[in-house]
Amino acid sequence: MELRNRVESKLPKLSKDSTPEQITTHKKAFEDAVRSARMNAKPGDIFTTGTGEYLRRMIRTEFKGPDRGEVKEAILDAETAGVPLKVNYPYPETKEVSAIPPTMLLKLPELPEELNYRFVGRHMLLIDKENGLILDYMLNALP
Amino acid sequence: MRFTMKRHPALSLTIALVIVSGLISALFVRSESFAQAPAKNPNAIATSSAQLRLTLPLKEGSVRFAIIGDTGTGGNEQYQVGAMMEKYHSLFPFQFVVMLGDNMYGSEKPKDFENKFERAYQKLLDNKVKFYASLGNHDQTTQVNYEPFNMNGKEFYRFTKGNVAFYALNSTYMDRRQIEWLESELAKDSSEWKVCFFHHPPYSSGGKHGSEKQLREIVEPIFVKHGVNVVLTGHDHFYERVKPQKGIYYFVSGGGGKLRKGDVRSNSPLTAKAFDTDLHFMIAEIVDDSLFFQAISRTGETIDSGVLARQPKK
């Protein structure tokens, strides 16, 4: 987060009353700057083995009870085919975002405001929502 | 010279009968308004205001707004709904529009903001009608900084109009931070009306999506505890007025740009009124203890209308 915030502080600040051009330009500049700063980032840097095990355990608890089929269906329902499972790649803006059931979200460790968990099929991604970059991912996070 | 008119007894009786029959027919119109027939010709576009019918009372000092969901295709049908909204705006000058998410399908390049939003509602924007957006599962978070969406850089936010508080929520990512914010804002909110709007419906008779039960499990107790009156959602591409649930009025209005024809499950116990044969939008008016609503098809026909009484305060 420190690295990310340092990178962001060097960019012109995006106003809350921005034009589409300003939004697009800022997003691209931010994306490029973080990508260069994390050039050597690789899968598992953030979702380490220990973190991954903890997250999987928390997710599994959501799949107990009569509604578990619906929980899975709700996540897998999103059209996410074609999203690259690659660190430092942007989540394509043409792809749907799967809604994470809030009952599950409340069981997961809280992230800094700038980051989101996201699912692509059964895999979990960590996304920087302000520039759309995939910061890390974890395969087969859903049971 | 003074003219005096003596009223004949038969005339008095006639006047009385006219007044009584007027009152009776007004009552029937009010109750009938919950059972409007669906639009008959979805391919025809109403071209004159003679075909438009306003059921809202236009009372002085009321809060007047429109509701659209799942709009951002940039396709002809979105534009046709936008054009019909403009026509109704001339009959019912709503002050603002709430957007129920999926404001932009597909790419979000500068041209897309024009094609999928600005041009579709150009005349309303020119008339200073404000839009307040919430995010859907097809929206980038960066929309929060887009000035015409009035989100002020926030994924979830509150604004007030008269005695009504509106809460825009991000139901795609309902995390602890958002839930705590919602609880704390509602707890201190003394507004007469509390209206929440967001994308995913806690209650819906949609065959493709339907009720989002996990979302409901988290937000419904908060709504009930803090006296939320009305919940407006989209995601399912049709219109549905849900029977009140735990005292709260729910609407699904996700047909502002996309339609999922025939998606409402027949015989759903949730449905008070549904419409899934054409696109639509809604207009609403809140005054004192009443919320008047009207759902209108792309072609300008009224598909549902009525008045909801404000629930007793918690």
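What you are looking at is a predicted structure, and each value in this text was computed from that prediction instead of being measured.

Colleague: Hey, could you go over empty space enclosed by the protein for me, with residue numbers and the actual values?
Modeller: Under the counting rule described, the total for this entry stands at three cavities of 30 Å³ or more. As a volume, the largest cavity reaches approximately 170 Å³. Lining of the largest cavity is provided by 17 residues; of these, V97(A), N116(A), R118(A), D139(B) and T141(B) occupy positions nearest its centre. Within the residue set of the lining of the largest cavity, elements represented by two or more residues are β1 (115–120) and β2 (123–128) of chain A. Its residues assigned to classes, the lining of the largest cavity shows five nonpolar, seven polar and five charged. In this structure, the second largest cavity encloses a volume near 90 Å³. P109(A), E110(A), L111(A), Y173(B) and D175(B) are, among the 15 residues lining the second largest cavity, the residues nearest its centre.

Colleague: Outline the interface of chain B and chain A, listing residues and values.
Modeller: Interfaces are often sized by the accessible area lost when the parts come together. Facing 35 residues of chain B, the contacting portion of chain A comprises 38 residues. Per-residue buried area on chain B facing chain A is highest for Y173(B), R176(B) and Q214(B); these three make up 22% of the total on that side. Taken together, the connections running from chain B to chain A amount to five salt bridges. Measuring nitrogen to oxygen at the nearest pair gives 3.7 Å for the salt bridge that ties D77(A) to K208(B). At the level of elements, α3 (110–118), α5 (176–187) and α6 (213–225) of chain B are the ones that each hand at least two residues to the side of chain B that touches chain A. Per-element tally for the side of chain B that touches chain A: the top contributor is α6(B), with five residues.

Colleague: Describe the pattern of salt bridges, naming the residues involved and giving the relevant values.
Modeller: Residues and elements named next belong to chain A. What the rule picks out here adds up to 25 salt bridges over all chains. Between E130 and R4 there is a salt bridge, with the nearest N and O atoms lying 3.1 Å from each other. Taken together, the positions of E130 in the loop between β2 and β3 (134–138) and R4 in helix α1 (residues 2–9) put the pair 126 residues apart, joining distant regions of the chain. Overall, E130 belongs to the partly exposed group, its relative accessible area being 29%. Classification of R4 by relative accessible area gives buried; the value is 6%. With a closest N to O distance of 2.5 Å, K107 and E62 form a salt bridge. Here K107 is found in the loop between α5 (102–105) and β1, whereas its partner E62 is found in helix α3 (residues 49–62), with 45 residues between them in sequence. Here E62 falls in the buried class, since its relative accessible area comes to 8%.

Basis of the calculations
Residues numbered from 1 in each chain as written. Chains lettered and ligands numbered in written order. Predicted model: local features only at pLDDT ≥ 70, side-chain atom pairs only at ≥ 80, totals over all residues. Heavy atoms only, no water. 1 Å grid on protein atoms, 1.4 Å probe; cavity = no way out; pocket = protein on both sides within 12 Å on 5 of 7 lines; lining within 4 Å. Points joined across faces, edges and corners; volume = space filled by probe spheres on them. Helix = DSSP H or I, 4+ residues; strand = E, 2+ residues; numbered from the N terminus. Nonpolar A, V, L, I, M, F, W, Y, C, P; charged D, E, K, R; others polar. Contact = heavy atoms within 4.5 Å. Buried area = accessible area lost by both parts, 1.4 Å probe. Salt bridge = Lys/Arg side-chain N within 4 Å of Asp/Glu carboxyl O. Buried < 20%, exposed > 50% of the residue type's maximum accessible area, 1.4 Å probe, protein only.

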